[in-house]
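Chain by chain, the residues:
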Amino acid sequence: MTHLWVRAESRENEERVGVLPEGVSALLAAGIDVTVEESASRVVPTGDYAAVGAEIAPEGSWVDAPKDAIIFGLKELPDNGLSLRHRHIMFGHAYKGQPAGQRLLARFKAGGGALYDLEYLENEDGRRVAAFGYWAGYAGAAVSLLAFAAQETASPCPPVSTWASSTDMRNDVQSALNGATPTALVIGALGRVGTGASDLCEDVGLTVTKWDMAETAHGGPFPEVLDHTLFFNCILARPGTPVFVPADTCDRPRQLRVIGDIACDPDSDFSPIKVYDHVTSWDTPVTRVCNAPPLEVMAIDNLPSLMPRESSEDFAAQLLPHLKALGDINKGVWGRAKTYFDTHIQKVTA
């Protein structure tokens, strides 16, 4: 019997969940046992899961779950060195040379477990089957515009917290802009992330230049980035990704005031944004990298959590058909995700 164990998220400011109560009901009907951990922060109350028949377990008890349970969460585990003996479904951020990712893989190697990385759940054509991208783009554009609005009043970008809805988020951005209409360039505009960023900008009345593969195929340089007030990077860092914002940007003439690095891989060897090297946070949404004029980078790495209800509903609906197929975990999207893990775990020497 397949057993899915939905763990509580341990990361601060993380309220999302990858399966809703109605999804649990569908999994139970498909013959999959489901355990859901208690969580005080999850956007969906634990009682809603109990009401549809899920077993309820204490928060963090997945470490003692039966070895054959498949542990399902969204964001990363605490970086505490614990050997990992289970199969885990989550965003691992482990395959692009990130130091924390290498430590995570070493933990899997030590414990004999396996990672089924949600970022690498792909269909036969190599396209992701489930992603938070649209809401990452939408929220990333919103926070970046709040940073721009703060610059206009010579103020620091204020902390952010969850919005009840995208409508509330959009209204707050519109109010902060106070009629300003900066120009925006979105790279990766045809994808989920770029569509979300473009939609938010257009919803508040901005003109958006939309680039995708055709406009970036020449490999750079891309001086047009510096001619826009805002730049949104919406493509994943991979081998061969060109540099969009070079390290010497502060020394160049520019209109650029805010970079929304929504893809947010600052510690990857392949990051296309070379003016910063660390993520930002809800308390400090941007980091200033240039002065006179100011240039700030927004690089929050859990942007969809700013709208936890809508983003969870969207992602869970995309993922549910594949969770129902966990009984054949060696096939389809799960089998392909395991191949990624097998390839990268062989490179771990520690």
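Along each chain, residue indices are assigned from 1 in the same order as the chain's sequence is written. The predicted nature of this model means local features are confined to residues of pLDDT at least 70 and side-chain atom pairs, given and counted, to a pLDDT of 80 or more, with totals for whole chains, interfaces and linings taken over all residues. Computation of side-chain values: all heavy atoms of the structure, hydrogens and water removed.

Details of the sheet that holds strand S4 (residues 70-72)
Whether parallel or antiparallel, the strands of a sheet pair through hydrogen bonds between backbone atoms. Quick note on the threshold: If DSSP finds at least two bridges between two strands, the strands pair. Helix and strand assignments follow DSSP, with helices taken as H or I runs no shorter than four residues and strands as E runs no shorter than two, numbered in order from the N terminus. Lines fitted to the C-alpha atoms define the axes, with helices restricted to the stretch that makes contact. Angles between their N-to-C directions range from 0 to 180 degrees.
Ordered by their spatial adjacency, six strands build an open sheet running S3-S2-S1-S4-S5-S6, and the pairing between neighbours is parallel. Here the strands that pair on one side only, and so sit at the sheet edges, are strand S3 (55-57) and strand S6 (114-117). On average, each strand axis in the sheet is tilted by 25° relative to the strand beside it, whichever way the strands run.

Regarding the packing of helix H4 (residues 133-152) against helix H6 (residues 192-203)
Applicable threshold: Should an angle fall under 35 degrees it is called roughly parallel, over 145 degrees roughly antiparallel, and 65 to 115 degrees roughly perpendicular, with every other angle called oblique. In a left-handed crossing the near helix is turned counterclockwise from the far helix by less than a right angle, and in a right-handed crossing that turn is clockwise. In what follows, a contact means two residues having at least one pair of non-hydrogen atoms within 4.5 Å.
At a minimum axis separation of 6 Å, H4 and H6 run at an interaxial angle of 40°. The orientation of H4 relative to H6 falls into the category oblique. Relative to H6, H4 is oriented so that their crossing is right-handed. Of the residues in H6, those touching H4 at Gly-133, Tyr-134, Gly-137, Tyr-138, Ala-141, Ala-142 and Leu-145 are Arg-192, Val-193, Thr-195, Gly-196, Ala-197, Asp-199, Leu-200, Cys-201 and Asp-203.

Some details on the nonpolar core
Generally speaking, a soluble globular protein has its nonpolar side chains buried in company with each other. Rule in force here: Among buried residues, those of type Ala, Val, Leu, Ile, Met, Phe, Trp, Tyr and Cys that are joined through side-chain atoms within 4.5 Å constitute a nonpolar core. Relative accessible area decides the class of each residue, using a 1.4 Å probe on protein chains only: under 20% of the type maximum gives buried, over 50% gives exposed, and in between gives partly exposed.
Core analysis: the biggest nonpolar cluster contains 56 residues, and Leu-4, Phe-72, Ile-89, Leu-118, Leu-323 and Trp-334 have the highest contact counts within it. Sequence-distant contacts of Leu-4, defined by excluding residues within four places in its chain, comprise Leu-27, Ile-32, Asp-33, Val-34, Thr-35, Ile-70, Phe-72, Ile-89, Leu-323 and Leu-326.

A look at the packing of aromatic side chains
Note on aromatic pairs: each is described by the distance of the centres and the angle between the planes. Short version of the rule: Paired rings are identified among Phe, Tyr and Trp, the last through its six-membered ring, by centres lying within 6.5 Å, and are further divided according to the angle between planes into stacked (under 30 degrees), edge-to-face (over 60) and tilted (the rest). Whether a charge lies above a ring is judged from NZ of Lys or CZ of Arg, which has to be within 6 Å of the ring centre and within 35 degrees of the ring normal.
Going through the model one piece at a time under the given rule, you end up with 14 aromatic pairs. Between Tyr-116 and Trp-334, the ring centres sit 6.3 Å apart and the planes meet at 65°, which makes this aromatic pair edge-to-face. Of this pair, Tyr-116 sits in strand S6 while Trp-334 sits in helix H9 (residues 332-345), and the two are 218 residues apart along the sequence. Note on accessibility: Tyr-116 and Trp-334 belong to one class, buried. Site record: aromatic cluster; members linked through ring pairs are Trp-211, Phe-222, Phe-231 and Phe-244. The ring of Phe-132 is capped by Arg-16, whose NZ or CZ atom sits 4.3 Å from the centre of that ring.

Here's the deal with the side chain of Arg-7
Rule in force here: A 3.5 Å cut-off defines polar contacts: any pair of N or O atoms within that distance qualifies, except that in protein one atom must be a possible hydrogen donor and the other a possible acceptor, and neighbouring residues in sequence count only when both atoms are side-chain atoms.
Within the secondary structure, Arg-7 sits in the loop between strand S1 (3-6) and helix H1 (21-29). A distance of 2.7 Å separates a polar side-chain atom of Arg-7 from the backbone oxygen of Lys-75. Excluding its chain neighbours within four sequence positions, the residues that come into contact with Arg-7 are Glu-37, Arg-42, Trp-62, Ile-71, Phe-72, Gly-73, Leu-74, Lys-75, Glu-76, Leu-77 and Met-90.

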